[in-house]
2 protein chains.
Amino acid sequence: MPSISDKGRAMPPSPIRKLVPYAEEAKRKGRKVYHLNIGQPDIPTPDVALNAIRNIDLKVIEYSHSAGNESYRRKLAGFYHKLGIDIDYTDILITTGGSEAVTFALMTCINPGDEVITSEPFYANYNGFAVAAGIKIVPVTSYIENDFALPPIEELEKKITPRTKGIIVCNPNNPTGYLYSKEELFHLRDIVKKHDLYLFSDEAYREFCYDDAEHFSAMRLEGIEKNVVLVDSVSKRYSECGIRIGSLISRNKDVISTALKFAQARLSPPGLGQIAAEASLETRIEYFRDVNAEYTARRNFMVDALNKMPGVFCPKPRGAFYAVARLPVDDSDKFARWLLEEFDYKNQTVMVAPASGFYSTPGLGRNEVRIAYVLKIDDLRNSMEILAEALKAYPGRV
Amino acid sequence: MPSISDKGRAMPPSPIRKLVPYAEEAKRKGRKVYHLNIGQPDIPTPDVALNAIRNIDLKVIEYSHSAGNESYRRKLAGFYHKLGIDIDYTDILITTGGSEAVTFALMTCINPGDEVITSEPFYANYNGFAVAAGIKIVPVTSYIENDFALPPIEELEKKITPRTKGIIVCNPNNPTGYLYSKEELFHLRDIVKKHDLYLFSDEAYREFCYDDAEHFSAMRLEGIEKNVVLVDSVSKRYSECGIRIGSLISRNKDVISTALKFAQARLSPPGLGQIAAEASLETRIEYFRDVNAEYTARRNFMVDALNKMPGVFCPKPRGAFYAVARLPVDDSDKFARWLLEEFDYKNQTVMVAPASGFYSTPGLGRNEVRIAYVLKIDDLRNSMEILAEALKAYPGRV
């Protein structure tokens, strides 16, 4: 039997999906499982998107342009203009989710063996994309005590070697919910400029900023226009994760023309998803207000509930819909599995994502979990009650 | 300005898409362009698929399982059973088109720097996927005089080195339309077994076999069950290229569990496309009969028309909807561009794919083009008339 590749063996299991078999088993036993592990919002997809799909008037579902439908790209350029991001539609490639945008960005810009710096904890799938591209992710640790703010600039610079070719920032951050300030982005700009690095900015959660905090896009940083590559997605913005539509955006024409060659090899991004995404641009402003109010309430409720549990600490994030909480447990991987395999409270349990998978420094995150507040307040209330009971009952409590 | 990666620079431009700007320019000049360059059929997508999309009853378009919806995978296993391919639904990963299936297969099975053999001319995008995965495609030449049959087994074996880890076969073949015989597949099985290689079988055109020829799937080869990785796609089968749904299938559990890690990193395949693909399985048998009759008629007309042109030779393929023709021209890249830039016949022209992009041995295919017979007979008739006139007028005729 021929062997599996080294890359295949090196691919990390997904920290948010590796426990799925245990959750399925718990459900088979008739147990209710609250999913706090995954960023799958319960927010309805806008009607304009669903109606566009229901009203498709096609005889043949053809390939689209490899860069995405021109009509969609033109409207999307208009969407960014309103955010103060001045780009042309030819600066945009439509991708199969933000995932493909990250992959194309890394393949286009970074050689195998070269390095990209990011603050940890970081979106775990960057590891997978890095393994696929053969590149190395170099972490600089951010700390829960400091709300997971950008590590000091000196810490970042210490990590720079001749092989460093870029920095990835996810803003607002998955998994921490941290929203980077304008000043932090200026610091990043200075490093990027000084060392002529790429700045990959993953802004999939841009629309989820709370407490009237303003999002400042890396695309608005002056003086590094050719260095910035924006990765975006409609998944969260319009609660349409399943359509798999994202984008890779850059004012660097070489980046776009090279990424287009990768895009041409896979022919085109999903056609039906593009129809939904284009229609979604007509979503009423009230939709976003309502969603924002809902998530603010959920966050407030959840973070308060967590911090009331003895031994638990959770900063109050200002973006996305995740929080990383410190729990009084020996090992959050064991705890998360125990929740599914051994524990129930009134025949219910919760599924959380152990934070270890979001760190690349071994040993970090062992007493932390990522929790997504993507459930209704009532469900979150139940979930927090279950979690509180679980922490009391867990044999590995510290 | 930071530099583009070596991979980015090595990515070949798509031979079927690189001339698109010239076609667009020709259209801007008011010229009618017949697209013989791309495998975009004009056959209607089955109504069952379109209706399933029009009738979606979802409030939230959620992520699907990373391996694809279980309901779809179970029905798809039933589809393969009817073809004599005995697999379980857990042997199937749903992918974003056949393209992603090829990428996952190569990343899962082949180390960077290792080699995969395929007969040339071959589907040009294999080059792109190979560059992305950092692997080397080693060609063994098949010849137009021999209908592009599988090269003799000795020629294949001559290419095997310690770095050879697999063979890719596309059956029926894109770009040649060649349908491999059972005996040829038995030869492949013997080599695969002897050297313990992977056999990647791309069967995206399985449903397009003519003259009552039978398709024999690599999944039916006995004794190499753990070596075979099937790549499939619904794009051509149901004329729904734009939904981007394919599959990676193997009885080798290590291959599936490893490919699933790549699949988890990108979260899920397109959700709306999966709904269309699942519904497509209910397509009436008459649909395929009609489509087969239509393509047979188109092929017969086109191949006859080509062979009547002085200096042109085109074998009569028994599968897919492509043919590679030898033309009396100095350089088919120049000729294809000249057709768009300089030539018109009654204000019309044709777009063809130069065959050089389908070979990796430099210099081969320079007097060949790939022609897709994806247009109605009337359009094909016009196209062949235009091509005949063009060959008379072309200054580089030899």
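Cut-offs and rules
- Residues numbered from 1 in each chain as written.
- Chains lettered and ligands numbered in written order.
- Predicted model: local features only at pLDDT ≥ 70, side-chain atom pairs only at ≥ 80, totals over all residues.
- Heavy atoms only, no water.
- Least-squares fit on C-alpha atoms with pLDDT ≥ 70 in both.
- Contact = heavy atoms within 4.5 Å.
- Pairing = 2+ DSSP bridges.
- Helix = DSSP H or I, 4+ residues; strand = E, 2+ residues; numbered from the N terminus.
- Domains from an automatic or database assignment.
- Buried area = accessible area lost by both parts, 1.4 Å probe.
- Salt bridge = Lys/Arg side-chain N within 4 Å of Asp/Glu carboxyl O.
- Polar contact = N/O pair within 3.5 Å; in protein donor to acceptor, adjacent residues only side chain to side chain.
- Disulfide = S-S within 2.5 Å.
- Buried < 20%, exposed > 50% of the residue type's maximum accessible area, 1.4 Å probe, protein only.
- Phe/Tyr/Trp six-rings, centres within 6.5 Å; stacked < 30°, edge-to-face > 60°.
- Nonpolar A, V, L, I, M, F, W, Y, C, P; charged D, E, K, R; others polar.

### Details of the relation of the copies chain B and chain A
Relating one copy of the chain to the other requires a rotation about an axis plus a shift along that axis.
Reasoning step 1: The transformation that overlays chain B on chain A combines an axial shift of 0.0 Å with a rotation of 180°, and the residual RMSD is 0.0 Å. Expressed as an axis order, the relation between the two copies is that of a two-fold axis. Among all residues of chain B, the one whose C-alpha sits closest to the rotation axis is R54 of chain B, at a distance of 2.0 Å.
Reasoning step 2: Of all interface residues in chain B, 100% are interface residues in chain A too; the two copies therefore contact each other through one and the same surface.

### Some details on the sheet that holds strand β9 (residues 322-326) of chain A
Residue and element names in this part refer to chain A.
Reasoning step 1: Taken in spatial order, the three strands of this open sheet run β9-β12-β11, and their pairing is antiparallel. Edge positions in the sheet fall to β9 and β11 (353-354), since each of these pairs with one other strand and no more.
Reasoning step 2: Where β9 meets strand β12 (residues 368-372), five bridges bridge the pair, whose relative direction is antiparallel. Residue pairing for β12: Y322 is matched across the bridge by A372.

### Things to note about the domain arrangement of chain A
Residues and elements named next belong to chain A.
Reasoning step 1: With domains assigned, chain A is organised as domain 1 (6-44 + 286-393) and domain 2 (47-280).
Reasoning step 2: Centre-to-centre, using C-alpha coordinates, domain 1 lies 25 Å away from domain 2.
Reasoning step 3: Of the residues lining the interface, 38 residues belong to domain 1; the matching set on domain 2 comes to 37 residues.
Reasoning step 4: The three residues of domain 1 that bury the most area against domain 2 are R318, A320 and F358, which together make up 20% of that side's buried surface.
Reasoning step 5: Across the pair R299 and D211 runs a salt bridge, and its minimum N-O distance is 2.8 Å.
Reasoning step 6: Across the contact surface, domain 1 and domain 2 share 15 residue pairs in polar contact (both at pLDDT 80 or more).
Reasoning step 7: Elements supplying a minimum of two residues to the side of domain 1 that touches domain 2: α1 (6-10), α11 (285-308), β9 and β12.
Reasoning step 8: The dominant element in the side of domain 1 that touches domain 2, judged by the number of residues it contributes, is α11, at seven residues.

### What about the state of the cysteines?
All names here are of chain B.
Reasoning step 1: Throughout the structure, instances matching the rule amount to zero disulfides over all chains.
Reasoning step 2: Here C209 stays free of any disulfide, with the sulfur of C170 as its closest cysteine sulfur at 11 Å.
Reasoning step 3: Given a relative accessible area of 11%, C209 falls into the buried group.

### A closer look at the packing of aromatic side chains
Residues and elements named next belong to chain A.
Reasoning step 1: Throughout the structure, instances matching the rule amount to 40 aromatic pairs over all chains.
Reasoning step 2: Relative to Y322, the ring of Y205 has its centre 5.4 Å away and its plane inclined at 80°; by these criteria the two rings are edge-to-face. Of this pair, Y205 sits in the loop between β6 (198-202) and β7 (228-233) while Y322 sits in strand β9; the two residues are 117 residues apart in sequence, bridging distant segments of the chain.
Reasoning step 3: Taking the relative accessible area as the measure of exposure, Y205 reaches 4% and is therefore buried.
Reasoning step 4: On the basis of relative accessibility, which here comes to 1%, the residue Y322 falls in the buried class.
Reasoning step 5: Note on F335 and Y394: the rings are 4.9 Å apart at their centroids and 75° apart in plane angle, and the pair reads as edge-to-face. Of the two residues, F335 sits in helix α12 (residues 332-341) while Y394 sits in the segment after α13 (377-393), which places them 59 residues apart along the sequence.

### Let's talk about the interface of chain B and chain A
Reasoning step 1: Tallying the contact residues gives 77 residues for chain B and 78 residues for chain A.
Reasoning step 2: Taken together, the two surfaces of chain B and chain A that pack against each other cover about 6,400 Å², and 59% of this comes from carbon and sulfur.
Reasoning step 3: On the chain B side of the interface with chain A, the three residues burying the most area are M1, R17 and Y63 of chain B, jointly 11% of the side's total.
Reasoning step 4: Where chain B packs against chain A, one counts zero salt bridges.
Reasoning step 5: Taken together, chain B and chain A are joined by 38 residue pairs in polar contact (both at pLDDT 80 or more).
Reasoning step 6: Of all the secondary-structure elements, those providing two or more residues to the side of chain B that touches chain A are α1 (6-10), α3 (47-54), α5 (97-109), α6 (125-133), α9 (253-265) and α10 (271-280) of chain B.
Reasoning step 7: Sorting elements by how many residues they give to the side of chain B that touches chain A places α9 of chain B first, with seven residues.
Reasoning step 8: A class-by-class count of the residues in the side of chain B that touches chain A yields 35 nonpolar, 26 polar and 16 charged.

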